[in-house]
Amino acid sequence: MRGREGWINGALAAALLIVPLALHLAGEVYYVNLASRVVIVALAAVGLNLALGYGGMVSFGHAAFFGIGGYVAGISAHHAILGTSFLGLSTTTEMPLIWLISVLLAGVVALAIGAISLRTKGVYFIMITLAFAQMLYYFAISFPAYGGEDGLPIYVRNTFPGLNTFDPITFYGICVVALFACLFLTARIMGSRFGAALDMAHLSETRLATAGIAPFNIRLTAFVISAMMTALAGALFADLNGFVSPSMMSWHRSGEIMVIVILGGVGRLWGPVAGAIAFVLLETFLGGLTERWGLFLGLILLGTVLFARGGIMGLIAGKARHD
Amino acid sequence: MPLSLIIEQALNGLQLGVTLFLMASGLTLVFGVMGLINLAHGSLYMVGAFVTAWVSASVGSFWIGLGAGIMAAAAVGALVEVAVIRRLYARDHLDQVLATFALILIFSEGTRWLFGSQPLWLDVPDLLSGAVTLPGGSPYPVFRLAIIAMGALVALGLYLMISRTRLGMRIRAGEADREMIGALGVDIATLYTLVFALGAALAGLAGAMVGALQSVQVGMGEPVLILAFVVIVIGGIGSVKGALIGAILVGVTDTMGRILLPSAFGLFMDASSATAVGSALASMLIYLLMALVLALKPQGLFPVHARA
Amino acid sequence: MKRLAIAATAALALATAAQADTKIGMITTLSGGGSHLGIDVRDGFMLAIAQSGRTDIEVMIEDDARKPDVAKTISDKFVQRDNVDILTGIIWSNLAMAVVPSVTRGGTFYISPNAGPSPLAGAMCNENYFNVAWQNNDLHAAMGAYMKDAGVEKPFILAPNYPAGTDALTGFKSTFGEPEREIFTQLGQTDYAAEIAQIRASGADSVFFFLPGGMGISFMKQYAASGVDLPVYGPAFSFDEVILGAVGDAALGVFNTSQWAYDLDNPTNAAFVESFRAEYGRTPTLYASQGFDTANLILSALEVAEPSDADAFRAALEAANFDSVRGDFAFNSNHHPVQDILVRQVVAGDGKPTNQLVGVAVEDHRDAYAAECNM
């Protein structure tokens, strides 16, 4: 964190802390919830950024992990409210436990998907991650017990010990703490020897191999951690919306998470945060202005890829370390 | 299960496979020659279908509409190549995925702007409407047989073009070594535009044929696009032969799975849960197939060369 | 269209000047596959608002793109930021399930112009939720009854493999009994060759299908080309005027059930169909009729009470004191319609096939879930 980028990161962090509080004091409940949405989407992108930005693994299937997190929250709340059990286990509405299960389950699934997908490279990796996500997507659609295509509502938001999660600003606080924790974790990982190895696996595999480290294991570990963060975002997203549906796992969603990473700036710690702010605000305000916002989003995105390769962070803070 | 049903299903699988081949061959050529991954290929399929439907309705002839649709898809393809795609060849796959994802958004919204969001009506031409009786005794739609025949012709044509013509030679040279064709004094920019337009025309043809069978609406290209990707990944990206075999494999697996799985589960389950579980599994089947192929052969069935 | 747009803008301008008394938020599907349903609901609704001449009503309309999370986001915006009194407009059951429960529990009225998922009619019903269209099972159950009366013995029935599809087949079987064979297709499926082959091989004497939007278009066109000539039946969702335009002559002769028909003979309906055609240049679908009725129900209640007085306004809605294009209309105890379900047949029309009313399948139909509703 140095120079101009450091200042921008600081400004983003300050904005995440101050703006929603101001909105809360002004009584703008809607905008506080919008801020929660920004933070959650940013968290999902922070997860993907670890795999895509730092590890060079272009996963086109991260929506699968987002959806897994969402469905853990949804299914858990569903059984707890109906008083029924899941495969004989009683479920919970406690967020910390739900997060733990989401993250672990996503980790196990990512381990399986990664173990197969990471045998491939480049385009094959993009496509096979897409295919696995589609598989889970179709499973969620066709499996009727939890609503299938209709989705699964969460009628009462899950709880957090000692906090009132219904209060929008409190829920925002929970989300923003989760985001900061994952940003901190990412920074620590990338600052560690593991991070250096991941960097190396991305840039020069042979050098890593000569150092006696298997790139496959490094990549797989990063892929799993990345999936876990995105799953945590999914669980929070489900509680924010009070609803989970297979659309959380659709390939459009994978594309959107990827777009946020790129829009913000690939491989920049705070890039996903900048990307999420830009994306959600564009979606909300362009969507309010015109029915054809997809057209404008497409043009903006195309412009970013063609002419502003570093994304927002690249534009404001200059080139990233690696370029 | 009667034999006639199995024959009919095999034909249906073949027809789906042929449609996928038309999509996949363009994708795989573009990847093989230019190293580009193009998500917007489904949009060209949609352009072909919309123009065919629109011209057919205004002129009153399916065939004129079809010609217009193919030409429009090729023209739009060439235009997009010159305006956008060409800037992406030197970029990594990530940039290509994003830029072409953006093109999907632009194409879908633009098409909705021009044609509205209601589905268009495109009918099978009189010449090919109705059904013929199969050797097994059951009737089968002529139009589906025509699609299969057309797919076989396109496959043959592509084979001849690639193996016998100058353009084909350059394509093969481009697949083998992109720098070399430049050294041969070939105008690379024109070659790339031609290849891209060819792929677009094939996608447009597929869109028009399927549009007559199903319906013409915004977003129709996306499910086909994903299937076509599954096809080229199974076949080996860059290989036209792989695309053909992958397409037929996916087409037949998907179609057969959809009738065989529910019946198979019906053997040890009650009817309604068998259909539920069976069709749930059937919709995942081709992705399982793909995962299986890639787990065994990470470069697909017919790996071209190590440039992934 | 332009005239109405100007009227609406004028109404809006006046409304803002006079501090609109009533704010209505409409969340509906205006883009993507199946958007013609949302467009017709919106147009029918706005036609009724324009005809009422009331300038103190502000209608805010947003597109949900058929995505549940988008619908949820819009509803949060309408409720939390714009403080709307009434929400309406949702087309799809999965979107309704995402939005309606939290909205109605929060004290906002939701008047459904289309989706009628079974939980909202039964165990999860709410005093602030009203459905003007039907409960999801209704049209299918009516068709089951009609086919049984018509002497059909061995129908082959199919629907997409998702809850509304399951509800459809459940509804059908509740009145018909066991069919010859039932299968589920994939949602959004476009190629039905495999299903048609099975229909041919099954020995059934007829086909009943629930395939709304583009799925219905694909199925009918392929069915017509397949050489199978068993008679086809279905709910009106598979045969609205837009779908008939796309399917063409392939749909001729088909029977379908609907709670409304454009040639239903009553003065309200005649005036509605005429003014809709004059305004938009097309024949209204059942969705347009539902949008029109929804707006008129709201207008009738606004004559009596303000939404701010929730109990009075709710009572006024329950009374359903408006002229429905369906003729007789009343609410059941669970705020779902008690109404006749009609049978229509597809006949050759002016340039494209159209629906013609042929009879009544069930009189004063009530949905099957009212008993589960305690409010």
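If you're wondering where the values come from, they're calculated on a predicted model, not measured in any experiment. The residue numbers shown here count from 1 along each chain, following its written sequence. Lettering for chains starts from A, numbering for ligands starts from 1, and both go in the order in which the items are written. The model is predicted, so local features are restricted to residues of pLDDT at least 70 and side-chain atom pairs to those at 80 or more, both for listing and for counting; the totals for chains, interfaces and linings are taken over all residues. Excluded from the side-chain calculations are hydrogens and water; all other atoms, namely the structure's heavy atoms, are used.

Chemist: Got a sec to walk through the interface of chain C and chain B? Specific residues and values, please.
Modeler: The partner chain B presents 34 residues to the 35 residues of chain C that form the contact. A combined buried area of about 2,800 Å² lies between chain C and chain B, and 52% of that area is made up of carbon and sulfur atoms. Nitrogen and oxygen atoms within 3.5 Å of one another constitute a polar contact, given that in protein one can donate a hydrogen and the other can accept it, and given that sequence-neighbouring residues count only through two side-chain atoms. One can count 11 residue pairs in polar contact (both at pLDDT 80 or more) joining chain C with chain B. Working definition: helices are DSSP H or I runs of at least four residues, strands are E runs of at least two. Numbering for both runs from the N terminus. The set of elements that each furnish at least two residues to the side of chain C that touches chain B consists of α2 (35-52), β7 (181-185), α8 (193-202), α9 (214-225) and α10 (241-247) of chain C. Residues count as neighbours in contact if any of their non-hydrogen atoms are within 4.5 Å of one another. We define buried area as the total accessible area lost by two parts upon association, computed with a 1.4 Å probe and summed across both.

Chemist: Any chance you could break down the pattern of salt bridges for me, citing the residues and the numbers?
Modeler: Criterion for a salt bridge: a side-chain nitrogen of Lys or Arg within 4 Å of a carboxyl oxygen of Asp or Glu. Applying the stated criterion across every chain, the model contains 22 salt bridges over all chains. The salt bridge partner of B:Arg144 is C:Asp191, with a shortest N-O separation of 3.2 Å. Of the two residues, B:Arg144 is situated in helix α5 (residues 142-164) and C:Asp191 in the loop between β7 and α8; the pairing between them involves two chains. Relative accessibility thresholds used throughout: buried, under 20% of the residue-type maximum; exposed, over 50%; partly exposed, between the two (1.4 Å probe, protein chains only). A relative accessible area of 11% means that C:Asp191 is categorised as buried. Among the ionic pairs, C:Arg54 bridges to C:Asp56, the shortest N-O distance being 2.9 Å. When salt bridges with common partners are traced through the structure, they connect C:Asp40, C:Arg42, C:Asp43 and C:Arg282 into a single cluster.

Chemist: Can you break down the packing of helix α2 (residues 41-59) of chain B against helix α8 (residues 188-213) of chain B residue by residue, with the values?
Modeler: Residues and elements named next belong to chain B. All axes are obtained by fitting lines to C-alpha atoms, using only the stretch in contact for helices, and the reported angles, taken between N-to-C directions, cover 0 to 180 degrees. Close contact between α2 and α8 brings their axes to 7 Å; oriented N to C, the two are set at 55°. By the angle class used here, α2 and α8 are oblique. As α2 packs across α8, the resulting crossing turns out to be right-handed. Facing His-41, Leu-44, Tyr-45, Gly-48, Ala-49 and Thr-52 of α2, the residues of α8 in contact are Phe-196, Gly-199, Ala-200, Ala-203, Gly-204, Ala-206, Gly-207, Ala-208 and Val-210. Here the residues of the contact of α2 with α8 sort into 9 nonpolar, 6 polar and no charged. Reported orientations rely on four angle classes, namely roughly parallel under 35 degrees, roughly antiparallel over 145, roughly perpendicular from 65 to 115, and oblique for the rest. We call a crossing left-handed when the near helix sits turned anticlockwise from the far one by less than a right angle, and right-handed when that turn is clockwise. In this classification, the charged set is Asp, Glu, Lys and Arg, the nonpolar set is Ala, Val, Leu, Ile, Met, Phe, Trp, Tyr, Cys and Pro, and all remaining amino acids, among them Gly, are polar.

Chemist: Before we move on, can you summarise the pairing of strand β6 (residues 155-160) of chain C with the specific residues and values?
Modeler: Remark: a regular strand shows side chains that alternate across the two faces of the sheet. All names here are of chain C. Burial analysis of β6 places 6 of its 6 residues in the buried class, which makes it a mostly covered element. Side-chain alternation along β6 places Pro-155, Ile-157 and Ala-159 on one buried face and Phe-156, Leu-158 and Pro-160 on a second face that is also buried. With 4 bridges joining them, β6 and strand β8 (residues 206-209) adopt parallel strand pairing. Bridge pairing links Phe-156 to Val-207 in β8. Strands were regarded as paired on the criterion that DSSP finds at least two bridges between them. Where β6 and β7 come together, 5 bridges link them in parallel fashion. Across the sheet, residue Leu-158 finds its bridge partner in β7, namely Ile-183.

Nothing here speaks to function; it is all geometry.
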